[in-house]
Amino acid sequence: MIPVYTYALEPVAVMGLGRSGLAAARALMAGGARVMAWDDNADRRAAAADAGIPVVDLADAGTDWTGVRVVAWSPGIPHSFPSVHPVAERARAAGAALVCDIELLVGAQPCSFYIGVTGTNGKSTTTSLIGHILRAAGQAPQVGGNLGTSALDLETVDAFGTYVLELSSYQLELTPSLVCDVAVLLNITPDHLDRHGGMEGYIAAKRRIFDGVVPPRTVCIGLDDTVCRNMHAEMTRYGSRSLIPFATGRAVPGGVSAKDGVLIDDTEGKGQRVLDLNGLTALSGEHNWQNAAAAYAACRARGVGSEVIAEALKTFPGLPHRHETVATIDGVLFINDSKATNAEAAEKAIVCHEDIYWIVGGLPKEGGIASLTPHFDRIVHAYLIGAAAKDFSVVLDAEEVPFSLCGTLEAAVDLAFQHALEDEEEDPVILLSPACASFDQFPNFEARGEAFKALVADLAAEVAVSDDDPDRDDSDAGSDPADDEVDS
């Protein structure tokens, strides 16, 4: 934990008592602040109170806001769009600023080196990859933020130490003092539009990562989408920043490219071939080539040599829940891509396979799965779960993709495995890539992914027992285990 002394002896409000909110409350109390914490969820309030955190109803008219300068606001709680939260109204009326845990970290560790990573897709892989490379280079970075460990649960580093932070759009709009020494923007496609009042607000939130980034600090920006290309062109015209562009679709003069999976460093105009990424399982696919190019650019900006980066890329293990190989059972490959919470992310996994039994659904994002129709020829059968199931079935039916309305993940896994065994596809893959948020049935995408892996483990155990049984009767093999499944 990193104590926050900035508000010692002052009253500080904490809104939201999830992972980052609890960390903020503990760090503020360790620094001497007088914390008033609240969460709309009664169970979270009770858990915080049991942990010794003072719980105060921040929306109550009788709560005294005198002297409160800031509210440590959990980024997952909407404060402006789609509607203004009552506590946000009270805070603004009292003149208190809404900030997140990243802002508190910056105040507590102002002299550290910050590498910030944002983008619609690929943030977690790129952030983890940068941390992996820096560790291979003999550094001891602290890696977290939106990924894994909350910012204030990281360890304190010295003036030469590095924080590598995954930054969501929700966090960026609540972090006014952040100045990244290396700012990485991977890509921007429509996402979270309800939280930002539309695409313009979403772009503005992402763009926040560049604020205050002046020479000799560095911007690493992707050129594979129109929004980011326009930002790069604007920054090039003004010439006020050190820029390292990167792309996968083409060579990048003065930058880093990964066209056809071959990593090329042209930052010094030499077109140096660094590494062929083809064959690196954890970095397969064009989306991961972009992640690798971005991580390479960021680590070169941190002073790591190209040979060290190349060797580190070869040993990167990948991320849980992001195109994660779970098991192969009777020739059927199971892939956990639970982190694919929108269609763009799901596309990255889908294009890696040909014979897909696709588990999809959850709490839908704007646009649904319509953008994935060019890849539907890869789908043998789709298994629909969660709140999006019926809407997604309309899209699949129109494109003549066979599907089953399964409802739950357990039903989907069972039926997909049955179909994969019955069919004669060459390389059957059961792919959990939901293209949806998880909150209708799971607390987060990690829980959804872990549930998938547990179900696959159960299947593996069942198959192992059956294979070991010399008296096994296979006469009913292939019968439908769920009579209430609706197939199309």
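For the structure given in this document, a descriptive report is provided here.

**Re unusual backbone geometry**
- Of note, the amide linkage connecting phenylalanine 81 to proline 82 takes the cis form, showing an omega dihedral of 0°.
- Looking at the element boundaries, proline 82 is found in the loop between β3 (70–73) and α3 (86–93).
- Phi is positive for aspartate 260, close to 60°, though the residue is something other than glycine.
- Positionally, aspartate 260 belongs in the loop between β11 (256–257) and β12 (262–265).
- Exposure remark for aspartate 260: the relative accessible area of 54% places this residue in the exposed category.
- With phi around 55°, alanine 435 is a residue other than glycine that occupies positive phi space.

**Concerning the environment of alanine 464**
- Checked against the element boundaries, alanine 464 lands in helix α15 (residues 445–468).
- When the C-alpha positions of alanine 464 and isoleucine 329 are compared, they lie 9.3 Å apart, and in sequence the two are 135 residues distant.

**Quick notes on the nonpolar core**
- Core analysis: the biggest nonpolar cluster contains 63 residues, and Leu28, Trp65, Val71, Trp73, Leu104, Leu152 and Phe210 have the highest contact counts within it.
- With five residues, the top contributor of residues to this core is helix α1 (residues 19–30).
- Beyond its immediate stretch of four places on either side in the chain, tryptophan 65 contacts Ala13, Leu58, Val71, Val87, Arg90, Ala91, Ala94 and Ala96.

**Some words on helix α2 (residues 42–50)**
- Of the residues that open α2, the one with a side-chain oxygen 2.9 Å from the backbone nitrogen of aspartate 43 is asparagine 41.
- Count one or two residues on from α2 and you reach glycine 52, which has phi positive near 85°.

**Let's talk about the state of the cysteines**
- Counted according to the given criterion, the structure contains zero disulfides.
- The thiol of cysteine 352 is not disulfide-bonded; the next cysteine sulfur, from cysteine 436, is found 20 Å away.
- A relative accessible area of 29% places cysteine 352 in the partly exposed class.

**Brief notes about the sheet that holds strand β8 (residues 182–185)**
- A sheet is described by the order of its strands in space; here nine strands give the open sequence β6-β7-β5-β8-β9-β10-β11-β12-β13, paired in mixed fashion. Each end of this open sheet is capped by a strand with a single partner; those strands are β6 (142–145) and β13 (272–276).
- Lying over the sheet, helix α9 (residues 226–238) contacts β8, β9 (218–222) and β10 (242–247), oriented at roughly 145° with respect to β9.

**Quick look at the side chain of serine 20**
- Tracing the sequence through the fold places serine 20 in helix α1.
- Setting aside its immediate chain neighbours within four residues, serine 20 contacts Ser74, Pro75, Asp101 and Ser150.

**Quick notes on a negative patch on the surface**
- A surface patch of like charges, here negative, comprises Glu410, Asp414, Asp458 and Glu462.
- At the level of elements, α14 (409–422) and α15 are the ones that each hand at least two residues to the negative patch.
- Topologically, glutamate 410 is positioned in helix α14.

**With respect to the side chain of glutamate 103**
- Its place among the elements puts glutamate 103 in helix α4 (residues 101–108).
- Put simply, glutamate 103 is tucked away with no salt bridge, and the nearest opposite charge, on arginine 208, sits 5.6 Å away.
- Apart from the residues within four sequence positions on either side, glutamate 103 is in contact with Leu174, Thr175, Pro176, Ser177 and Leu178.

**Looking at the sheet that holds β3**
- Read across the open sheet, the four strands follow the order β2-β1-β3-β4; overall the sheet is parallel. At either margin of the open sheet sits one strand with a lone partner, and together these are β2 (34–38) and β4 (97–99). The average undirected angle you get between the axes of adjacent strands in this sheet is 25°.
- Sheet topology places β3 next to β4; three bridges connect them, and they run parallel. Looking at the pairing, valine 71 lines up with leucine 98 of β4.

**Considerations on the packing of aromatic side chains**
- All chains considered together, the criterion is met by four aromatic pairs.
- Aromatic pair phenylalanine 334 and phenylalanine 452: ring centres 6.4 Å apart, planes at 50°, arrangement tilted. Of the two residues, phenylalanine 334 sits in strand β15 (residues 332–336) while phenylalanine 452 sits in helix α15, which places them 118 residues apart along the sequence.
- By relative accessible area, which is 0% here, phenylalanine 334 ends up buried.
- Between tryptophan 358 and phenylalanine 376, the ring centres sit 6.2 Å apart and the planes meet at 50°, which makes this aromatic pair tilted. Here phenylalanine 376 lies in the loop between β17 (363–364) and β18 (379–385) and tryptophan 358 lies in strand β16 (residues 355–361), a separation of 18 residues in the sequence.
- What links up through ring pairs into an aromatic cluster is the set Phe334, Phe417 and Phe452.
- One residue, arginine 195, lies across the ring of tyrosine 170, its end atom 3.8 Å from the ring centre.
- In this structure, arginine 302 packs its charged tip against the face of phenylalanine 113, placed 3.7 Å from the ring centre.

**Concerning the pattern of salt bridges**
- This model, assessed by the stated rule, comprises 16 salt bridges.
- Between lysine 314 and glutamate 311 there is a salt bridge, with its nearest N and O atoms 3.0 Å apart. Residue lysine 314 and its partner glutamate 311 are located together in helix α11 (residues 306–314), separated by three residues, close to a single helical turn.
- Lysine 314 sits in the partly exposed class, given a relative accessible area of 44%.
- Here arginine 378 and glutamate 354 are joined by a salt bridge, their closest N and O atoms 3.2 Å apart. Residue arginine 378 is found in the loop between β17 and β18, and its partner glutamate 354 is found in the loop between α12 (343–350) and β16; the two are separated by 24 residues along the sequence.

**Observations regarding the environment of leucine 28**
- Note that leucine 28 resides in helix α1.
- On the basis of relative accessibility, which here comes to 0%, the residue leucine 28 falls in the buried class.
- C-alpha of leucine 28 to C-alpha of isoleucine 2: the two residues are 26 residues apart in sequence and 9.0 Å apart in space.
- With sequence-adjacent residues up to four places away left out, leucine 28 is seen in contact with Val4, Tyr7, Val12, Val14, Ala33, Val35, Ala72 and Leu104.

Reading guide: rules and limits
Residues numbered from 1 in each chain as written. Predicted model: local features only at pLDDT ≥ 70, side-chain atom pairs only at ≥ 80, totals over all residues. Heavy atoms only, no water. Helix = DSSP H or I, 4+ residues; strand = E, 2+ residues; numbered from the N terminus. Buried < 20%, exposed > 50% of the residue type's maximum accessible area, 1.4 Å probe, protein only. Core = buried A, V, L, I, M, F, W, Y, C linked by side-chain atoms within 4.5 Å. Contact = heavy atoms within 4.5 Å. Polar contact = N/O pair within 3.5 Å; in protein donor to acceptor, adjacent residues only side chain to side chain. Disulfide = S-S within 2.5 Å. Pairing = 2+ DSSP bridges. Axes fitted to C-alpha atoms, helices over the stretch in contact; angles between N-to-C directions. Patch = residues over 30% accessible without salt bridge, like charges linked within 9 Å, V, L, I, M, F, W, Y side chains within 5 Å. Areas by Shrake-Rupley, 256 points an atom, 1.4 Å probe, with all protein chains shown as cover. Salt bridge = Lys/Arg side-chain N within 4 Å of Asp/Glu carboxyl O. Lys, Arg positive; Asp, Glu negative; His and termini not counted. Charge placed at Lys NZ, Arg CZ, Asp CG, Glu CD. Phe/Tyr/Trp six-rings, centres within 6.5 Å; stacked < 30°, edge-to-face > 60°. Lys NZ or Arg CZ within 6 Å of the ring centre and 35° of its normal.

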